[in-house]
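What follows is the residue order along each chain.
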Amino acid sequence: MMWKDTYRIGVDRIDQQHMELFRITEELVNAVKEGAAVEVYQRILGFLKDYVIYHFRDEEAYQESIHYSGIEAHKEEHRQFTETVLHYEERLTANGFNEKTMKDLAGTVTAWLIYHVVDTDQKIVSGEAPAGEEKQFDQFVDLFAHSALDMMETMAGLDQSSAQLQTVGSDQPQGDVFVTIQLVDDLNGKAVFGFSKELALHLLESMTGMELTEVDELVQSALCELTNISCGNAATALTKRGLQCDIKPPVLSNEFPGENTGSGIRIDTAFGPMEVGVLL
Ligand SMILES: [Fe+2]
């Protein structure tokens, strides 16, 4: 089951709605795993869209009622996600409900929903503003590697203290699947995240509670969303230090994209390695 009791924020009405959102997402993931009929995809997407709109409206009303200070930034996250879902609907309606795009959607929704409920929504009740805490780092690559670790802990319960970090000089990052994010503004360059197949599958298995065997579009799009979240957090940390940093949408590849990185960090976890490189 995708829903975990640790995801509760302690407001019954909102928790019930979150459970329903997880139930729909689980139905979506099951449908793409089994290769469902177009009518099934249409029904699930239609319900997901309506429920997302209904839930966001209600959650925002709750935030207003308690005068939550982070409401504007939170509303913006809701707005962006609604736009993402609507954009998928447009694409699917225009090009047909194909399995590849449905898997893409399922991966994106899974990763976004878990992070939003586990991290962002928890802050409504703790009263904390939505931006993350300040991180200490020596090099930019340390910041990106630690943001990736934080993300894996939040999303998949990975124990950070058991992970080993090692500098890998100017070697090319190793991995079975790479996600690259372009950094713009004061910090110009790119951050590359190489995931081993074992780690990628483990992350998705612990997020969905399902057994997965291949790094398909579902896993790939979830990895892109996870990387996007962790880079977004790193960029926020940099901006807090007075270094403007913006990120572009993630790009996926099966081989290391381009030149050697300036500096890299290998992260060994109990579920497989990954490497993070920053090229400036
Ligand atoms: Fe929310």
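Source: prediction; values computed, not measured. (Residues numbered from 1 in each chain as written. Predicted model: local features only at pLDDT ≥ 70, side-chain atom pairs only at ≥ 80, totals over all residues.)

### Considerations on the overall build of the protein
- Helices and strands together make up the secondary structure of the protein, namely eight helices and seven strands.
- Relative to its full complement of 280 residues, the protein shows a buried share of 38%.
- Contacts in the protein between residues far apart in sequence, at least 24 positions, make up 71% of those at least 6 positions apart. (Helix = DSSP H or I, 4+ residues; strand = E, 2+ residues; numbered from the N terminus. Buried ≥ 20, exposed ≤ 12 C-beta atoms within 10 Å, placed from the backbone. Contact = placed C-beta atoms within 7 Å.)

### Quick look at the domain arrangement of the protein
- With domains assigned, the protein is organised as domain 1 (5–126) and domain 2 (140–279).
- Distance between the C-alpha centres of domain 1 and domain 2: 23 Å.
- Elements represented by at least two residues in the side of domain 1 that touches domain 2 include exactly α1 (12–34) and α4 (99–120).
- For the side of domain 1 that touches domain 2, the element with the highest residue contribution is α4, accounting for 13 residues.
- The class makeup of the residues in the side of domain 1 that touches domain 2 is eight nonpolar, three polar and four charged. (Domains from an automatic or database assignment. Nonpolar A, V, L, I, M, F, W, Y, C, P; charged D, E, K, R; others polar.)

### Concerning helix α6 (residues 140–156)
- For α6, with 17 residues, the first-to-last C-alpha span of 24 Å sits near the 24 Å given by 1.5 Å per residue.
- In terms of residue burial, α6 counts as a mostly covered element, since 13 of its 17 residues are buried. (Expected span 1.5 Å × (residues − 1).)

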